[in-house]
Amino acid sequence: MRRVLVANRGEIAIRIARACHTQGLAAVAVYSDADREAPHVLAADDAVGIGPAPARESYLRIDALIEAARRARADAVHPGYGFLAENAAFARAVVDAGLTWIGPAPETIAAMGDKITARATADRARVPLVPGAEVAAGDVADAGRRAAALGYPVLVKAAGGGGGKGMRAVARPEELADALTAAGHEAEAAFGDARVYLEKLLERPRHVEVQVLGDGRRGLLHLGERECSIQRRHQKLVEETPCPIMTARLRADMTEAALAVARAVNYASAGTVEFLLDGSGRFYFLEMNTRLQVEHPVTELVTGIDLVAAQLRIARGEPVGLSQADVTFRGHAIEVRVCAEDPAAGFFPSAGTVVALNEPAGPGVRVDSGIAAGTSVPLEYDSLLAKIAAWALDRRAAIDRLHAALRETVVLGPTTNLAFLQDVLAHPSFRAGETHTGFLDEHLAGWRPDEGELFAAAIAAALGLRSSTGGVPTSSGPARAPSPWETLGRWRLGT
């Protein structure tokens, strides 16, 4: 393995390129017409165009990616996350082309990347499941009967991918037909697979996942859990490790269940087994992500293990090289996803040129970014701009450190969720660890920023000035929205 084609874009493509460089490998970027001058292209040693802006015509085109690898003389492919990362046909095409696939075997992706098959695998491994049912394509009447048997509310979920794409909550029977159609269309656009299934919607659960790492032989271990309960539209916004309410017994049971699922498919590479945890301490298998997770940095911060480098080594045929006893956990880490979207308008995506950018720094702060000043943020792809994470010895200190880092952050151009994220971190229920998947709807529905200093923010940005003051967490109720002087995240200059 000498040259790795990264079949992705944005911050994860940059992250993988950096890991390749630490391993003495060259990184090859791919780009659509919309991404010709994107930072991930500049981070690589070589770059190949793969087509027009729409993902279906570029990042989701298997033939274009294989041809790009051939043109760049790459001998391996890393899929990142999203797009084709959990597409078994892509993995097989890579292997059939004589290239090394950096991830689990195509057969494993087929078994676990497909959420319906994954549930059957977990059931055979005697891991408890969220009640669910398969849905025949186009048969709304059958879906209605199955949903009624599960009991409303239910979730319609994409069978061929995760990340919150292709998912709709259904509270009443009359909502089901539209939800099936919408989820199917979104799943087709995101993963090239329109199949969906039904799952019982649990009330106020925590979303807790376990990171696993295996070599497909004798090496298989876990790297602890992450809590990812703060979500909008079923997509994670805040992730942390350890889970604030985790006990030693619960961790032992949950990690053993995760390893049982991974063992059932002889798992090789980095993967994540996701669970829902109810208020009584019972957990249920949700899905297995047969890829690197967006939130992997928090695990790296508390374990010191480079997950992407481990993926590269395992793909070369090397063993995991660690035993479970070698894995130690230190401190607490929290990550937020900075997205080009407007929380005050239903998290509607935003696009435009990044006019000004300031990323935070300092002890215990990590930034995984896919943007730079002067680059364009297109609407064709996921709204994630960057991930900002903070580590400290305990949870409260990690929250404070991350909150301070967000106050340093400036993204001028596209509307962002920076002010909203600060209010999440400042909320007393979040600081108390009282989180669940409905947290945002319960505590921050109808959120609005303080726009009183909008004009001053534009002037400050134009002059290149930034105040040293920051938003202050409060002891009761949501914190005030950060001043535009602090984040500039919602304001844009005319262009």
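Refer to the structure above for everything that follows.
Here the structure is a predicted model, which is why all the values come from computation and not from measurement. (Residues numbered from 1 in each chain as written. Predicted model: local features only at pLDDT ≥ 70, side-chain atom pairs only at ≥ 80, totals over all residues. Heavy atoms only, no water.)

Asks: Hey, could you run me through the sheet that holds strand 12 (residues 235-241) in this one?
Replies: Sheet strands pair by backbone hydrogen bonding; their relative direction is either parallel or antiparallel. The strand order across the open sheet formed by 8 strands is 14-13-10-11-12-15-22-20, and the pairing between neighbours is antiparallel. The open sheet has two edge strands, strand 14 (283-289) and strand 20 (365-369), and neither has a second partner. For this sheet, the mean angle separating the axes of adjacent strands, direction not counted, is 25 degrees. Relative to strand 11 (residues 220-232), strand 10 (residues 206-215) runs antiparallel, the two sharing 6 bridges. Within strand 11, the residue paired with Glu209 across the bridge is Arg226. Helix-sheet contacts for helix 10 (residues 296-303) involve strand 10, strand 11, strand 12, strand 15 (332-339), strand 20 and strand 22 (384-392), and the interaxial angle to strand 15 is about 155 degrees. (Pairing = 2+ DSSP bridges. Helix = DSSP H or I, 4+ residues; strand = E, 2+ residues; numbered from the N terminus. Axes fitted to C-alpha atoms, helices over the stretch in contact; angles between N-to-C directions. Contact = heavy atoms within 4.5 Å.)

Asks: Honestly, the sheet that holds strand 8 (residues 167-170) in this entry has me stumped. Any pointers?
Replies: Taking strand neighbours across the sheet as the criterion, the 4 strands line up as 6-9-7-8 in an open arrangement whose pairing is antiparallel. Among the strands making up the open sheet, the edge pair consists of strand 6 (132-134) and strand 8. Across the sheet, the mean angle from the axis of one strand to that of its neighbour is 20 degrees, orientation sign disregarded. Sheet analysis places strand 7 (residues 154-158) next to strand 8, joined by 4 bridges and oriented antiparallel. By the bridge assignment, Val156 is partnered in strand 8 with Arg168. The strands touched by helix 6 (residues 115-124) within the sheet are strand 6, strand 7 and strand 9 (196-200), with strand 9 carrying the most contacts at an inclination of about 45 degrees. Packed on one face of the sheet, helix 8 (residues 176-191) meets strand 7, strand 8 and strand 9 and runs near 170 degrees to strand 8.

Asks: Would you mind showing me how to read the packing of aromatic side chains here?
Replies: How two aromatic rings sit relative to each other is given by the distance of their centres and the angle of their planes. Across all of its chains, the model carries 7 aromatic pairs by this definition. Consider the rings of Tyr59 and Phe83, whose centres lie 5.0 Å apart with planes at 15 degrees: the pair is stacked. Of this pair, Tyr59 sits in the loop between strand 3 (46-51) and helix 3 (62-71) while Phe83 sits in the loop between strand 4 (76-78) and helix 4 (88-96); the two residues are 24 residues apart in sequence, bridging distant segments of the chain. On the accessibility criterion, Tyr59 (0% relative accessible area) is buried. Classification of Phe83 as buried rests on a relative accessible area of 17%. Measuring from ring centre to ring centre gives 5.4 Å for Phe90 and Trp101, while their planes differ by 85 degrees; the resulting arrangement is edge-to-face. Taken together, the residues Phe90 in helix 4 and Trp101 in strand 5 (residues 100-101) connect sequence positions 11 residues apart. Here Trp101 falls in the buried class, since its relative accessible area comes to 7%. Taken together through their ring pairs, the aromatic side chains of Tyr59, Phe83 and Tyr381 make up a single cluster. (Phe/Tyr/Trp six-rings, centres within 6.5 Å; stacked < 30°, edge-to-face > 60°. Buried < 20%, exposed > 50% of the residue type's maximum accessible area, 1.4 Å probe, protein only.)

Asks: Explanation requested: the environment of Ile109 in the structure shown.
Replies: Here Ile109 lies in helix 5 (residues 106-113). Linking Ile109 and Asn289, residues 180 residues apart in sequence, is a C-alpha distance of 8.7 Å. Setting aside chain neighbours within four positions, we find Ile109 in contact with Ala85, Glu86, Asn87, Ala88, Ala91, Trp101, Pro104, Asp114 and Thr290.

Asks: Sorry if this is basic, but what is going on with unusual backbone geometry here?
Replies: A cis amide bond links Tyr152 with the next residue in sequence, Pro153, at an omega value of 5 degrees. Tracing the chain through its elements places Pro153 in the loop between helix 7 (140-150) and strand 7. Put simply, Thr241 and Pro242 share a cis peptide bond, and its omega is 0 degrees. Mapped onto the secondary structure, Pro242 falls in the loop between strand 12 and helix 9 (248-264). Backbone geometry places Arg204, a non-glycine residue, at a positive phi of 55 degrees. With respect to the secondary-structure elements, Arg204 resides in the loop between strand 9 and strand 10. Even without glycine at this site, Ser269 takes up a positive phi of about 105 degrees. With respect to the helices and strands, the residue Ser269 is situated in strand 13 (residues 268-277).

Geometry only, nothing functional implied.
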